[in-house]
Amino acid sequence: DAMVIQNPRYQVTQFGKPVTLSCSQTLNHNVMYWYQQKSSQAPKLLFHYYDKDFNNEADTPDNFQSRRPNTSFCFLDIRSPGLGDAAMYLCATSRGLAGSDTQYFGPGTRLTVL
Amino acid sequence: RKEVEQDPGPFNVPEGATVAFNCTYSNSASQSFFWYRQDCRKEPKLLMSVYSSGNEDGRFTAQLNRASQYISLLIRDSKLSDSATYLCVVNILKSTGNQFYFGTGTSLTVIP
């Protein structure tokens, strides 16, 4: 019973070729997050949506964009991937209603840039 | 200053050992606290929430000290399957939703 689903699990793209990663959730959570995680590092928050409201982190490059067309789906667009963008991309959700809310992660998409 | 600081590790311990991880957080407005486990090339998975009174789940005990802004995780009778990275996570509810702050993680290897 997958609750946060990410597709594809593995994505290979060429330098500069746009790529879109997909996330969906069955939890009906208000908040959806995109994290970038590189080897031996903590997940780094790129941005999140609270319902339809987009919240960008100050240090997220413009190369990264996101869309949330409805409650269930959220997309991460990388407009011109560079070699430094190779990483695991994690989608997560939370209810966004209480300070005690937990966060649920999808399995991640591992991006390779050639 | 980082929001969450963790022991850098790595920890290499023999099977059956007891190991403790520590974590400090900087924002006194932090509302909830968690330990996540992350296996190599997998997503983080919630291990346990951490409460002020302390909580235990089998071989795992978590403790929170709000006055010192300190969180700990104790693993007793370590198993090979406990080998993973353990992430300390702090939650602050803002008007934009829950904001989760991650420590850098502590790597544990349990040796036969």
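Each value, and the rule that gives it
Sequence order as written defines residue numbering, which begins from 1 separately in each chain. Labels follow written order: the first chain is A, the first ligand is 1, and so on. With pLDDT at 70 or above as the cut-off, local features in this predicted model cover only qualifying residues; side-chain atom pairs require 80 or more to be listed or tallied, and sums for whole chains, interfaces and linings still use all residues. Each side-chain value is worked out from all heavy atoms of the structure, with water and hydrogens disregarded. By definition, any uninterrupted DSSP run of H or I lasting at least four residues is a helix, any uninterrupted run of E lasting at least two residues is a strand, and each is numbered from the N terminus. Two residues qualify as a contact provided that any one of their heavy atoms is within 4.5 Å of a heavy atom in the partner residue. Any two strands with at least two DSSP-identified bridges between them are counted as paired. For every element, the axis is a line fit to its C-alpha atoms; helices are fit only across the contacting stretch, and the angle between N-to-C directions ranges from 0 to 180 degrees. Once two parts are joined, some of their accessible surface, as seen by a 1.4 Å probe, is lost; buried area is that loss totalled over both. Any carboxyl oxygen of Asp or Glu that lies within 4 Å of a side-chain nitrogen of Lys or Arg is treated as forming a salt bridge with it. Counted as a polar contact is a pair of N or O atoms within 3.5 Å, where, for protein atoms, one must be capable of donating a hydrogen and the other of accepting one, and residues adjacent in sequence contribute only when both atoms are in side chains. The aromatic pairing rule takes the rings of Phe, Tyr and Trp, using the six-membered ring of Trp, and pairs them if the centres are within 6.5 Å, calling planes under 30 degrees apart stacked, those over 60 edge-to-face and the rest tilted. With a 1.4 Å probe rolled over the protein chains alone, any residue whose accessible area is under 20% of its type maximum counts as buried; one over 50% counts as exposed, and the rest are partly exposed.

Chemist: Help me understand the environment of A:Asp101, please; the structure alone is not making it clear to me.
Modeler: Take A:Asp101: it is sitting in the loop between β9 (87-94) and β10 (104-105). Not counting residues up to four positions away in its chain, the partners in contact with A:Asp101 are A:Arg95, A:Gly96, B:Ser32, B:Phe34, B:Asn91, B:Asn98 and B:Phe100.

Chemist: Just to check I follow, could you spell out the sheet that holds strand β3 (residues 19-25) of chain A for this structure?
Modeler: Across a sheet, strands are paired by hydrogen bonds formed along the backbone, either parallel or antiparallel in direction. Residue and element names in this part refer to chain A. One open sheet holds the four strands; their spatial order is β1-β3-β8-β7, and the pairing between them is antiparallel. The sheet is open, and its two borders are formed by β1 (4-7) and β7 (64-67), each paired with just one other strand. With strand direction ignored, the average angle separating the axes of adjacent strands in the sheet is 20°. Pairing analysis gives four bridges linking β7 to strand β8 (residues 73-78), with the strands arranged antiparallel. The partner of Arg67 across the bridge, within β8, is Phe75.

Chemist: I'm lost on the interface of chain B and chain A in this one. Help?
Modeler: As a measure of interface size, the accessible area lost when the parts come together is often cited. On the chain A side, the residues contacting the 22 residues of chain B number 28 residues. In total, about 1800 Å² of surface goes out of reach between chain B and chain A, with carbon and sulfur atoms giving 54% of it. There are zero salt bridges connecting chain B and chain A. Counting across the interface, chain B meets chain A through eight residue pairs in polar contact (both at pLDDT 80 or more). For the side of chain B that touches chain A, the secondary structure elements donating two or more residues are β4 (32-38), β5 (45-50), β9 (84-94) and β10 (97-102) of chain B.

Chemist: Help me understand the packing of aromatic side chains, please; the structure alone is not making it clear to me.
Modeler: The geometry of two aromatic rings is summed up by the distance between their centres and the angle between their planes. For the coordinates displayed, the defined rule picks out 16 aromatic pairs over all chains. Arranged with centres 6.1 Å apart and planes meeting at 25°, the rings of A:Tyr33 and A:Tyr35 form a pair that is stacked. Summarising the burial analysis for this pair, A:Tyr33 and A:Tyr35 share the class buried. Consider the rings of B:Phe21 and B:Tyr86, whose centres lie 5.3 Å apart with planes at 40°: the pair is tilted. On the criterion of sequence distance, the pair formed by B:Phe21 in strand β3 (residues 19-25) and B:Tyr86 in strand β9 is long-range, its members being 65 residues apart. An aromatic cluster is present here, built from A:Tyr33, A:Tyr35, A:Phe105, B:Phe34, B:Tyr36, B:Phe100 and B:Phe102 joined pairwise through their rings.

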